[in-house]
Amino acid sequence: MTSRFTELAVDCQDPERLAAFWCEVLDFKVIDRSEGKVEIGSWGPTVEDVLARQMPPTLLFIQVPEGKTVKNRLHLDVSPIDGSTEDEVTRLLGLGATRTDVGQGPDRNWVVMADPEGNEFDVLRTLAPQN
């Protein structure tokens, strides 16, 4: 018997808004929605695909009544693939992200940001080919 990491659930107050933000960040699409829930991913999961191999997890945004109150214990890291880290930070700020300080200090090669509901995530080094 084996398990697969199939989705990461994110509690939030506005699943539609947060799903739209992360779709723009990651170039994902909405693959399922129901009352108070929106699931996004880079692929449409099927039982056959999941059984056959490990697939990228989806993100599931679930509406809850309470807001975020403390630093995340788990967060996403994203890496730009077609531009610099600085350019990606600028793009994400335009989408509604904010820079945030979780005690990381000034001499880091990554940038800590927060999504529109305050969930921290890191923008890491670029994976774009260097000229």
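Basis of the calculations
Residues numbered from 1 in each chain as written. Predicted model: local features only at pLDDT ≥ 70, side-chain atom pairs only at ≥ 80, totals over all residues. Heavy atoms only, no water. Pairing = 2+ DSSP bridges. Helix = DSSP H or I, 4+ residues; strand = E, 2+ residues; numbered from the N terminus. Axes fitted to C-alpha atoms, helices over the stretch in contact; angles between N-to-C directions. Contact = heavy atoms within 4.5 Å. UniProt positions renumbered as here; feature names shortened; annotations may be inferred. Phe/Tyr/Trp six-rings, centres within 6.5 Å; stacked < 30°, edge-to-face > 60°.

As annotated in an unreviewed UniProt entry, the chain carries the name VOC family protein and comes from Streptomyces tubbatahanensis.

With respect to the sheet that holds strand β3 (residues 37-41)
Strand order in the open sheet formed by four strands is β1-β4-β3-β2, and the pairing between neighbours is mixed. Every interior strand has two partners, whereas the edge strands, β1 (7-12) and β2 (29-34), have only one. Ignoring which end each strand starts from, the neighbouring axes of this sheet average 20° apart. Of the pairings in the sheet, the one linking β2 to β3 comprises five bridges and is antiparallel in character. Note on β3: the bridge partner recorded for Val-30 is Ile-40. Running over the sheet, helix α1 (residues 15-26) touches β1, β2, β3 and β4 (58-63) and is turned about 160° from β4.

Side note on the UniProt feature "domain: VOC" (unreviewed entry) in the chain
Summarizing the sequence annotation, UniProt attributes the feature "domain: VOC" (unreviewed entry) to residues 4-126 in the numbering used throughout. Annotated as residues 4-126, this span is 24% helix and 29% strand, and its ends, taken at the C-alpha atoms, are 28 Å apart.

Re the packing of aromatic side chains
For the structure shown, the criterion picks out three aromatic pairs. Aromatic rings pair up to connect Phe-21, Trp-22 and Phe-121 into one cluster.

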